[in-house]
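# What the coordinates show
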Amino acid sequence: MADLRNIMYEAVSDIAEPEESVLRTDLARGRQALARRRSTRTRRQFLVPVGIAAAAAGVLGLSVLGNGLGSGATPRDGISAGRDGSARIALISYTGRQAEGFTIDQVPDGWEIQGNTSYAVIAPVGFADQDVQELTGKIELHVAGKGELAVERAEARPLPVGGVTATRFTFPDPDMTVNTTDKPKVGPNSSAGLLLPAGKKTVLIQFTNAHDWDDATIVKFAAGVHLNNAR
Amino acid sequence: MMEPGRGLVPSLGYEHKETRMRDEEFLAFARQNRADLLRTAVLLTAGDRHLAEDLTQTTMTALYVKWPVYQQARNPAAYVHRCLVNALIDEKRRPWRRERTTDEIPEESGSLVMPFDDSPSDSRTEALYAALRSLPQKTRAVLVLRYFHDLSVEDTAEALSCPRGTVKSQAARGLDKLRERMSEHLASTPGPIDVNGAFRG
C-alpha cells in the first residue's frame with residue numbers, strides 16, 4: 001500500500017545529484033550577492049559621515065567667509081572627500097593597544113586596532129562591526145603565506161617603502177572572481193594591497209576600498225608597520 | 001584573511017579566511033543537500049520545475065549570504081526549510097506569479113485513509129501535483145515538510161514560523177484534502193482503478 005511519502009518520493013525520484021558546475025554557479029551567485037550587500041553597507045557607513053562632514057564644512061565655510069576669513073576645512077576622522085568624490089585618509093601617530101605580533105606607528109585619524117589577534121585589523125573607533133573576522137571597511141595586515149606570495153596579482157608594481165621595495169597591487173573584485181582558475185579581475189569593489197618585506201617574512205596589507213589610498217599615503221602607512229620578531 | 005603561514009589556492013583571489021571557509025563549507029553543504037532542496041522545491045511548487053529551480057537558487061544564495069546565521073541556527077535544517085518556504089512566498093507575491101489559489105481548507109474529516117487507486121506512476125505523480133496545486137501554500141509546505149521530510153510537528157512549526165497547533169490542524173486537513181483531490185483527479189483520468197489502494201499519511 002502506497003503512502004504519501006512514497007508517492008512524493010516517486011514524484012521527484014528523477015532529480016539527480018547536481019553537477020559540480022551547478023554548485024559552482026550557486027557559489028558564484030552567493031558571492032556576488034554577498035559582495036553587493038557588503039558594498040552597499042560600506043557605502044552607507046562611509047558616505048553618510050562624509051556627507052555630514054561635508055555639510056558641516058559647508059556651514060563652517062559660510063560662517064568663516066561671513067567673518068571675512070578664508071581658510072580650508074580640516075579633515076575630520078581621518079577622512080576627507082577628494083576631488084573625485086572618493087574619501088582620502090589622513091594618518092596620525094597611534095598610541096593605542098597594538099595587535100599581537102605587530103607594531104603600527106600610524107593609523108587613519110580616529111581609527112584603532114580591533115581585537116587581539118595574530119593579524120592586525122584597523123577600523124574607525126566605535127565602528128559598528130567589531131567582529132575581527134569581518135573586514136569590510138577595515139584595513140587588515142598579516143604575515144603572507146606561501147600561497148599568497150605565489151598567487152598572481154593584478155596591477156602589481158614595485159613601490160619603495162623605507163629601505164625595502166614593496167609590491168603594490170590590486171585585490172580582485174569579489175563580484176568578478178568566481179572560479180579558482182580565474183585570473184584576478186579588477187573592478188569597482190577591488191581594494192589596494194601591498195606586499196611588504198619584513199626580514200625573511202612578508203606582510204600582506206589589504207586597504208579599504210572605500211578610500212583613496214594613493215601611493216604616498218600607502219608608503220607613509222607601510223613605513224610605520226613593524227613585524228615583531230621578523231627574522 | 002589568511003592566518004600567518006597558511007597557504008591558499010593560487011589565483012583564487014581569496015584573502016579572507018572567513019571567505020575561504022564560507023566557500024568550502026557552502027560547497028560541502030551544496031553537494032550534500034542541493035538535490036534534496038530541489039526535490040522539496042518541486043513538491044512545494046506542485047511540480048513546477050522551473051519555479052522550483054528558481055527557488056532553490058534563491059535559497060542557496062540566501063544561505064550563502066547568511067551563512068553565519070545558518071551555522072549558528074539552533075535548528076539548521078529548519079532554517080534551510082524556512083529560507084525555501086520564504087522564497088516561495090516571496091515569489092508568489094510577485095504580480096506575474098500570483099495565482100488563483102484554492103478554496104478554504106475544509107474542516108477535519110477525521111478519516112485518515114481514503115480510497116486510492118494503483119494507477120501508473122505518471123498518473124499518480126500528476127494527481128499528486130494537481131492535488132498539491134489546489135492547496136494553499138502553507139498547507140502544502142506543512143505536508144511536504146511533515147511527510148516528505150518526515151519532520152516532527154515541532155520542527156515543521158519552527159521551519160514555518162507558526163504554532164504547533166497550526167501544523168497539526170493544517171496537516172490533518174491538508175491530508176484529507178489531498179486525498180480527496182487525488183482521488184478526484186485519478187477518477188477522472190482514463191485507466192485502471194484499484195479502489196483497494198490507499199495511502200496513509
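### Re the overall build of chain B
The secondary structure content of chain B amounts to eight helices and two strands. Along the chain direction, N to C, the helices and strands of chain B fall in the order α-α-α-α-β-α-α-α-α-β. Taking all 201 residues of chain B together, 51% fall into the buried category. For chain B, restricting intrachain contacts to residue pairs at least 6 apart in sequence, the fraction spanning at least 24 positions comes to 68%. Entry remark: accessible area of chain B is about 9300 Å², with carbon and sulfur atoms responsible for 49%.

### Here we look at the overall build of chain A
Within chain A, the secondary structure is distributed over four helices and 14 strands. Total accessible area on chain A stands at roughly 11500 Å², and carbon and sulfur atoms take up 53% of it.

### Examining the packing of aromatic side chains
Within the structure shown, the criterion is met by eleven aromatic pairs over all chains. When the ring of Trp213 of chain A is compared with that of Phe221 of chain A, the centres are 6.0 Å apart and the planes differ by 70°; the resulting orientation is edge-to-face. Phe221 of chain A shares its class with Trp213 of chain A; the two are buried. Judged by centre distance (5.3 Å) and plane angle (65°), the ring pair of Phe29 of chain B and Tyr70 of chain B falls under edge-to-face. One end of the pair, Phe29 of chain B, is in helix α1 (residues 17–44); the other, Tyr70 of chain B, is in helix α3 (residues 67–72), and 41 residues separate them in sequence. Among the aromatic residues, those joined into a ring-pair cluster are Phe26, Phe29, Tyr64, Trp67, Tyr70 and Tyr79 of chain B. Note that Arg22 of chain B overlies the ring of Tyr64 of chain B, its terminal NZ or CZ placed 5.4 Å from the centroid.

### Observations concerning the environment of Lys177 of chain B
With respect to the element layout, Lys177 of chain B can be found in helix α8 (residues 164–187). Sequence separation of Lys177 of chain B and Leu135 of chain B is 42 residues, and the distance between their C-alpha atoms is 7.8 Å.

### Considerations on unusual backbone geometry
Residues other than glycine seldom take positive phi values, yet Glu155 of chain A does so here, at roughly 55°. Structurally, Glu155 of chain A can be placed in strand β9 (residues 154–161). Owing to a relative accessible area of 51%, Glu155 of chain A belongs among the exposed residues under this scheme. Backbone geometry places Ser161 of chain B, a non-glycine residue, at a positive phi of 55°.

### Quick notes on the nonpolar core
Counting 64 residues, the largest nonpolar core has Met8 of chain A together with Leu43, Leu128, Leu132 and Leu178 of chain B as its most contacted members. Here the element with the most residues in this core is α1 of chain B; it accounts for ten residues. Apart from the residues within four sequence positions on either side, Leu132 of chain B is in contact with Leu43, Ala46, Arg140 and Leu178 of chain B. Counting 30 residues, the second largest nonpolar core, distinct from the first, contains Ala99, Leu159, Ile205 and Ala222 of chain A.

Cut-offs and rules
Residues numbered from 1 in each chain as written. Chains lettered and ligands numbered in written order. Predicted model: local features only at pLDDT ≥ 70, side-chain atom pairs only at ≥ 80, totals over all residues. Heavy atoms only, no water. Helix = DSSP H or I, 4+ residues; strand = E, 2+ residues; numbered from the N terminus. Buried < 20%, exposed > 50% of the residue type's maximum accessible area, 1.4 Å probe, protein only. Contact = heavy atoms within 4.5 Å. Areas by Shrake-Rupley, 256 points an atom, 1.4 Å probe, with all protein chains shown as cover. Phe/Tyr/Trp six-rings, centres within 6.5 Å; stacked < 30°, edge-to-face > 60°. Lys NZ or Arg CZ within 6 Å of the ring centre and 35° of its normal. Core = buried A, V, L, I, M, F, W, Y, C linked by side-chain atoms within 4.5 Å.

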